[in-house]
Amino acid sequence: MSPEHVKQLIEAALPCTAVEVEGDGHHFYASIVSTAFEGLKLLDRHRLVKERLKSQLDSGELHALSLRATKTPAEAA
Amino acid sequence: MTAQEFIHQTVTENPVVLFMKGTPTFPQCGFSAGAVQILKNCNAQFVAINVLENPEVRQGIKDYANWPTIPQLYIKGEFIGGSDIMRELFGNGELQKMLADLPAN
């Protein structure tokens, strides 16, 4: 899987205004800006992303995803 | 005492608790090592629980917070997050504030 593919999975799972993904094909690192994070503390933002990608993470299609930053558009501005 | 009782007692009786693989001096996993380093960078006093010493706690801590991975950080009984969340909170300065707000222990 390429970082670009992971980016597309995240964009399909969440309404994103910006997504950056780096990775080596096994372990990926994502920074996400999304309106879905508004009003959520960091723990709940991470829970939301992992929940929305649960099927890909459980199946092993997406092996390991670290979240570097999860911001709202206002926080990213 | 069950594993859940042990975990609950540990996180409520200590202001800062890190469940980790290995010890702060000899971490057995890169993510646990990173978590320890972040707390040290905050000059935080914390209690470390080595889950590798107890299989029931190793599984139990995942159930307790409904969080699938270790390390796990607790402050004042509240689950804060794993290593990614600790890193992001440290990066934006929030973790330092949360730890500074604690009464001296």
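Quick note: structure is the one above.
Every chain begins its residue count from 1, and numbering advances along the sequence as written. Working convention: letters from A go to chains and numbers from 1 go to ligands, in the order in which they are written. Residue-level local features of this predicted model are given only where pLDDT is at least 70; pairs of side-chain atoms are given and counted only at 80 or more, and the full residue set underlies all totals for whole chains, interfaces and linings. Note: side-chain values were computed over all heavy atoms of the structure, leaving out hydrogens and water.

1. Concerning the overall build of chain A
Secondary structure summary: chain A contains 4 helices and 3 strands in total. Helix numbering and strand numbering both begin at the N terminus, where a helix is a DSSP run of H or I of at least 4 residues and a strand a DSSP run of E of at least 2. Put simply, chain A runs from its N terminus to its C terminus through helices and strands in the order α-β-β-α-α-β-α. Our radius of gyration looks at C-alpha atoms and nothing else; its globule reference is 2.2 Å times the residue count to the power 0.38. For 77 residues, the compact-globule formula gives about 11 Å, and the C-alpha radius of gyration of chain A, at 12 Å, lands near that figure. Summarising its shape, the C-alpha atoms of chain A cover approximately 30 × 20 × 20 Å along the three principal directions. For each residue, the accessible area found with a 1.4 Å probe, counting protein chains only, is set against the maximum for its type, and the residue is called buried under 20%, exposed over 50%, and partly exposed in between. In chain A, which comprises 77 residues, the share counted as buried stands at 38%. Here, residues are in contact when the closest pair of their heavy atoms is within 4.5 Å. Sequence-distant contacts in chain A: of pairs separated by 6 or more residues, those separated by 24 or more amount to 52%. Methods summary: accessible areas were calculated by the Shrake-Rupley approach with a probe of 1.4 Å, and residue burial reflects only the protein chains presented. About 4100 Å² of surface is accessible on chain A, with carbon and sulfur atoms providing 49% of the total. Within chain A, one finds 9 positive and 11 negative side-chain charges whose respective centroids are separated by 6 Å. By the counting scheme adopted, Arg and Lys are positive, Glu and Asp are negative, and His together with the chain ends is not counted. One atom stands in for each charge, and that atom is NZ of Lys, CZ of Arg, CG of Asp or CD of Glu.

2. Quick look at the pattern of salt bridges
Residues and elements named next belong to chain A. Any Lys or Arg side-chain nitrogen found within 4 Å of a carboxyl oxygen on Asp or Glu counts as a salt bridge. For the structure shown, the criterion picks out 5 salt bridges over all chains. Here Lys-7 makes a salt bridge to Glu-11, at a shortest N to O gap of 3.2 Å. Of the two residues, Lys-7 and Glu-11 both sit in helix 1 (residues 3-13), 4 residues apart, roughly one turn of that helix. Taking relative accessible area as the criterion, Glu-11 reaches 37% and is therefore assigned partly exposed.

3. Here we look at the interface of chain B and chain A
Size of an interface: often given as the accessible area lost when the parts come together. Each side of the interface is counted separately: chain B has 12 residues, and chain A has 12 residues. Linking chain B with chain A are 1 salt bridge, by the criterion used here. N or O atoms closer than or at 3.5 Å make up a polar contact, with two conditions inside protein: a donor-capable atom paired with an acceptor-capable one, and, for residues adjacent in sequence, both atoms drawn from side chains. At the junction of chain B with chain A, the criterion picks out 6 residue pairs in polar contact (both at pLDDT 80 or more). Residue assignment for the side of chain B that touches chain A shows that the elements contributing at least two residues are strand 4 (78-81) and helix 4 (83-91) of chain B. Charged residues are taken to be Asp, Glu, Lys and Arg, nonpolar residues to be Ala, Val, Leu, Ile, Met, Phe, Trp, Tyr, Cys and Pro, and polar residues to be all remaining types, Gly included. A class-by-class count of the residues in the side of chain B that touches chain A yields 7 nonpolar, 2 polar and 3 charged.

4. Points about the side chain of His-46 of chain A
Note on placement: His-46 of chain A falls in helix 2 (residues 42-52). For His-46 of chain A, a relative accessible area of 1% gives the class buried. Sequence-distant contacts of His-46 of chain A, that is, excluding residues within four places in its chain, are made with Leu-67 and Thr-70 of chain A together with Trp-67, Asp-84, Ile-85 and Glu-88 of chain B.

5. Things to note about the sheet that holds strand 4 of chain B
Residue and element names in this part refer to chain B. One requirement defines pairing of two strands: DSSP has to find at least two bridges between them. One open sheet holds the 4 strands; their spatial order is 2-1-3-4, and the pairing between them is mixed. For this open sheet the edge positions go to strand 2 (47-50) and strand 4, each flanked by a neighbour on one side alone. Averaged over neighbouring strand pairs, the angle between their axes works out to 25° when direction is ignored. Bridge analysis of strand 1 (residues 16-20) against strand 2 gives 4 bridges, and the strand direction is parallel. Axis lines are fitted to C-alpha atoms, over the contacting stretch for helices. Their N-to-C directions set the angle, which ranges from 0 to 180 degrees.

6. A short note on unusual backbone geometry
All names here are of chain B. Cis geometry is found at the peptide bond from Ile-70 to Pro-71, where omega equals 15°. With respect to the helices and strands, Pro-71 occurs in the loop between helix 3 (55-65) and strand 3 (72-75). Phi at Asn-43 is positive, roughly 55°, even though this residue is not glycine. By the element assignment, Asn-43 lies in the loop between helix 2 (30-41) and strand 2. Look at Asn-66: it is not a glycine, yet its phi comes out positive at around 50°. Here Asn-66 falls in the exposed class, since its relative accessible area comes to 59%.

Function-wise, these values are silent; they only describe arrangement.
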